[in-house]
Amino acid sequence: MIKRVLTSVTAGIAMSVAALSVQAADITGAGATFPYPIFAKWAEVYKKIENVGLNYQSIGSSGGLRQIRAKTVTFGASDAPVKGEQLDKDGMVQFPVILGGVVPVVNLEGFKPGELKISGEVLADVYMGTISKWNDPKIAALNPGKTLPNQSITVVHRADGSGTTFIFTDYLNEVSKAWADKVGKGAAVKWPAGSSVGGKGNEGVAANVTRVKGSIGYVEFAYAKKNNITHLQLLNKNGKYVNPSESTFAAAAAGADWFSVPGMGISLVEQKGDAAWPITGASFVLMYKEPTDKALSKDAIKFFTWAFKDGKQLALDLDYVPLPDVLTQQIAAKVWSQIKN
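Residues numbered from 1 in each chain as written. Predicted model: local features only at pLDDT ≥ 70, side-chain atom pairs only at ≥ 80, totals over all residues. Heavy atoms only, no water.

> Give a description of the overall build of the protein that names residues and reports values.
For the protein, the count of helices and strands is 14 helices and 12 strands. Considering only C-alpha atoms, the protein reaches an extent of 85 × 50 × 35 Å along its principal axes. Considering the protein as a whole, with its 341 residues, one finds that 51% of them fall into the buried category. Long-range contacts, defined as pairs at least 24 residues apart, comprise 75% of the intrachain contacts of the protein with a sequence gap of at least 6. With an accessible surface of roughly 15200 Å², the protein has 53% of that area assigned to carbon and sulfur atoms. Computing the positive centroid from 36 side-chain charges and the negative centroid from 29, the protein places the two 4 Å apart. (Helix = DSSP H or I, 4+ residues; strand = E, 2+ residues; numbered from the N terminus. Buried < 20%, exposed > 50% of the residue type's maximum accessible area, 1.4 Å probe, protein only. Contact = heavy atoms within 4.5 Å. Areas by Shrake-Rupley, 256 points an atom, 1.4 Å probe, with all protein chains shown as cover. Lys, Arg positive; Asp, Glu negative; His and termini not counted. Charge placed at Lys NZ, Arg CZ, Asp CG, Glu CD.)

Structural data, given as structure tokens:
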């Protein structure tokens with residue numbers, strides 16, 4: 001009897017240890033909120049196939065950079081690409097994993113998604129606070145025949161260091177000299193509008209826009225759709241008004257020369273093309289060339305290999321743009337080959 005009990009206890013301990021070892025083998029990542037919806041979906045499906053999990057902390061690009069530099073995660077994720085010289089200093093590689101669009105969203109009664117139009121210059125004026133009412137003549141001129149309310153505009157922005165903010169301000173920097181001169185671009189900027197509210201993550205911005213009447217914010221498109229928030233049409237570089245979609249994001253990235261910049265950190269904002277969405281961006285993953293945990297680093301590459309090949313439809317379902325096969329093959333040959341696993 002005692003022998004059977006001891007055998008049972010030993011087996012139970014072995015099972016617990018096995019369970020812990022499986023849990024310990026999960027890939028860890030942290031950073032941008034922009035790709036979180038697709039990372040979560042990929043992780044859910046991949047876990048069922050390979051029994052390897054992904055624990056991803058959606059804490060913003062700046063937080064992701066801090067975590068990977070502290071070597072507390074397998075990979076970091078950022079929508080603001082790290083420059084080549086800094087990558088060399090850190091001993092890391094960087095590669096894009098998914099494309100998507102940042103969209104201006106509003107809480108304005110009586111308007112359907114895509115019904116109102118705005119240009120980049122006017123959007124910059126709104127975020128600078130020089131346009132503070134929805135019936136301002138500059139907005140009205142872009143929307144003839146629309147009755148705009150005499151309602152104050154509350155600007156909603158990210159309160160944390162954010163790659164989504166980097167993409168958004170990179171765009172405003174391109175289309176507005178006033179913005180470029182007074183504010184500039186970055187993962188965090190000093191927001192000049194007097195009536196403004198900060199939110200943490202894409203989730204926080206979406207929640208604040210939903211809550212505050214007359215507000216305008218910027219989020220990754222998946223968050224706008226998930227929360228049923230009204231987006232605006234946007235005037236692109238070719239002078240065409242476009243709506244955000246997988247096809248307009250893809251149009252913006254069509255002519256991208258990814259290896260023209262060290263670390264593949266190119267900008268996709270304000271690209272030419274009649275169908276191009278002007279605020280398109282990529283999410284980048286950062287990994288060490290000489291990882292502390294080689295097994296987990298290898299597992300991460302296997303995960304992204306699967307995501308690039310078999311996770312495309314999942315990305316499209318969430319209105320992201322998967323990377324083309326030729327690019328993922330180049331990433332494997334030119335970038336992952338630098339990682340010593």
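Moving on from the model shown.
> Provide a residue-level description of unusual backbone geometry, including the pertinent values.
Positive phi outside glycine occurs at Met264, with the angle close to 60 degrees. The residue Met264 is located in the loop between helix 11 (246-253) and strand 12 (280-288) in this model. According to the relative accessible area criterion, Met264 is buried, its value standing at 2%. Positive phi is not limited to glycine here, since Glu270 has a value of about 55 degrees. In this structure, Glu270 sits in the loop between helix 11 and strand 12.

> Describe the side chain of Thr154, with residues and values.
Tracing the backbone shows Thr154 in strand 6 (residues 154-158). Among the residues examined, Thr154 registers a relative accessible area of 13% and is labelled buried. In this structure the side chain of Thr154 is engaged in a polar contact, spanning 3.5 Å, whose partner is the side chain of Ser195. Aside from chain neighbours lying at most four places away, what touches Thr154 is Ser195, Val197, Val212, Gly214, Ser215 and Ile216. (Polar contact = N/O pair within 3.5 Å; in protein donor to acceptor, adjacent residues only side chain to side chain.)

> Got a sec to walk through helix 14 (residues 325-334)? Specific residues and values, please.
Restricting attention to buried positions, one finds in helix 14 the residues Leu327, Thr328 and Ile331. Down the axis of helix 14, the buried side of the element spans an arc of 100 degrees, and every buried residue falls inside it. Exposed residues lying more than 90 degrees from the buried face of helix 14 are Val326, Gln329 and Ala333. Looking at the buried residues of helix 14, the elements they touch are strand 4 (92-106) and helix 12 (294-310). (Arc of directions from axis to C-beta.)

> Please provide a residue-by-residue account of the sheet that holds strand 11 (residues 241-242), values included.
Sheet architecture is open: three strands sit in the order 5-10-11, paired in mixed fashion. At either end of the open sheet lies a strand with only one pairing partner, and these are strand 5 (117-118) and strand 11. Here strand 10 (residues 233-235) pairs with strand 11 via two bridges, running antiparallel. If you follow Leu234 over to strand 11, its bridge partner there is Val242. (Pairing = 2+ DSSP bridges.)

> Describe the pairing of strand 3 (residues 75-78), with residues and values.
What you see with strand 3 is no split at all: Phe75 and Ala77 on one side and Gly76 and Ser78 on the other are buried throughout. Here three bridges tie strand 1 (residues 27-31) to strand 3, and the two strands are oriented parallel to one another. When the bridges of strand 3 are listed, Gly31 appears paired with Ala77.

> I'd like to hear about the environment of Asn173, residue by residue, with values.
By secondary structure assignment, the location of Asn173 is in helix 7 (residues 163-175). Taking the C-alpha atoms as reference points, Asn173 and Ala276, 103 residues apart in sequence, are found 18 Å from one another.

> Before we move on, could you go through the pattern of salt bridges and cite the residues and values that matter?
Taken as a whole and assessed by the stated rule, the structure comprises 13 salt bridges. Note that Lys146 is salt-bridged to Glu115, the shortest N-O span being 3.0 Å. Note that Lys146 is positioned in the loop between helix 6 (137-142) and strand 6 and Glu115 in the loop between strand 4 and strand 5, a separation of 31 residues in sequence. For Glu115, a relative accessible area of 25% gives the class partly exposed. Across the pair Lys185 and Asp170 runs a salt bridge whose closest N-O atoms are separated by 3.4 Å. Of this pair, Lys185 sits in the loop between helix 8 (177-182) and strand 7 (196-199) while Asp170 sits in helix 7, and the two are 15 residues apart along the sequence. Look at Lys185 and you get partly exposed, because its relative accessible area is 46%. The class for Asp170 is buried, based on a relative accessible area of 5%. Within the structure, one salt-bridge network assembled from shared partners comprises Lys41, Glu44 and Lys48. (Salt bridge = Lys/Arg side-chain N within 4 Å of Asp/Glu carboxyl O.)

Fair warning: the whole summary comes from geometry, so function is off the table for now.
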